[in-house]
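Overview (structure and organization)
Take a look at the letters that make up each chain.
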Amino acid sequence: MALNLNKNLKLYYSIKEVAEMFGLNESTLRYWETEFPYLKPKTSGPAKIRQYQEKDIEQIRLIHNLVKVRGFKLAAAKKIINSNRDGADKRAEVLTRLLGVRDELQALKKQMDFLQ
């Protein structure tokens, strides 16, 4: 069995880390938790500190794609997710991959420009 170097070893993320991943405010994440019932991070301790797992981050990625990237209102995003969950997930995944490819191409262009 080969060692998977791409696997993320971190199990839990703080609300601050997740907010930074998506360029959001922590209050936006808290609000989305009230609007989208399936977005429920684990809470621990008497202070109810949120601990986001990969599955929570995938939910946030989907909501972020619909609301912030594509410009849907929260009600429309809820409707899309509830009516066509798989399609919305796949579109978010494709967008994430395309953005990654774009970033790689921009980095390559910078290298090429530097060499000339």
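Residues numbered from 1 in each chain as written. Predicted model: local features only at pLDDT ≥ 70, side-chain atom pairs only at ≥ 80, totals over all residues. Heavy atoms only, no water.

Turning next to helix α2 (residues 26-35). The complete set of buried residues in α2 reads Thr28, Leu29, Trp32 and Glu33. Taken down its axis, α2 places every buried residue within 145° of arc, on the same side. Buried residues along α2 sit in contact with α1 (15-22), β2 (49-51), α3 (54-69) and α4 (74-83). (Buried < 20%, exposed > 50% of the residue type's maximum accessible area, 1.4 Å probe, protein only. Helix = DSSP H or I, 4+ residues; strand = E, 2+ residues; numbered from the N terminus. Arc of directions from axis to C-beta. Contact = heavy atoms within 4.5 Å.)

All right, on to the nonpolar core then. Among the nonpolar cores identified, the biggest contains 21 residues, and Val18, Leu29, Trp32, Phe36, Tyr52, Ile60 and Ile63 are the most heavily contacted of them. Where this core is concerned, the elements lending two or more residues are α1, α2, α3 and α4. In terms of residue count, the dominant contributor to this core is α3 (six residues). Among all residues touching Ile63, those that are not within four sequence positions of it are Trp32, Phe36, Tyr38, Leu39, Lys68 and Ile81. (Core = buried A, V, L, I, M, F, W, Y, C linked by side-chain atoms within 4.5 Å.)

So, on to the packing of α1 against α3. Running from N to C, α1 and α3 point in directions that differ by 35°, and their axes come no closer than 11 Å. Considering how the two elements wind past one another, α1 and α3 form a crossing that is right-handed. Listed contacts from α3 to Val18, Met21 and Phe22 of α1 are Ile57, Ile60, Arg61 and His64. Here the residues of the contact of α1 with α3 are counted per class, giving five nonpolar, one polar and one charged. (Axes fitted to C-alpha atoms, helices over the stretch in contact; angles between N-to-C directions. Left-handed = near helix turned anticlockwise from the far one by under 90°. Nonpolar A, V, L, I, M, F, W, Y, C, P; charged D, E, K, R; others polar.)

The next point concerns the packing of α3 against α4. Two elements in contact, α3 and α4, have axes separated by 9 Å at closest approach and are oriented at 130°. Our classification of the angle between α3 and α4 gives oblique. Here α3 runs over α4; the crossing is right-handed. Of the residues in α4, those touching α3 at Leu62, Ile63, Leu66 and Val67 are Leu74, Ala77, Ile80 and Ile81. When its residues are assigned to classes, the contact of α3 with α4 shows eight nonpolar, no polar and no charged. (Parallel < 35°, antiparallel > 145°, perpendicular 65-115°, else oblique.)

Our focus in this paragraph is the side chain of Glu33. In this fold, Glu33 is placed in helix α2. Overall, the relative accessible area of 8% leaves Glu33 in the buried class. If we ignore the near neighbours within four places in the chain, the residues touching Glu33 are Leu39, Lys40, Pro41, Arg50 and Tyr52.

Time to look at the pattern of salt bridges. The final tally for this structure, using the stated rule, is seven salt bridges. In this structure, Arg30 and Glu26 form a salt bridge, with 3.4 Å as the shortest nitrogen-oxygen distance. Of this pair, Arg30 and Glu26 both sit in helix α2, four residues apart, which is roughly one turn of the helix. On the basis of relative accessible area, Arg30 is assigned to the partly exposed category, the value being 33%. (Salt bridge = Lys/Arg side-chain N within 4 Å of Asp/Glu carboxyl O.)

Moving on: the environment of Trp32. Looking at the element boundaries, Trp32 is found in helix α2. In this structure, the C-alpha to C-alpha distance between Trp32 and His64, residues 32 residues apart in sequence, is 9.8 Å. Every residue in contact with Trp32, bar those within four places of it in the chain, is listed here: Leu24, Leu39, Ile60, Ile63, His64, Val67, Lys68 and Leu74.

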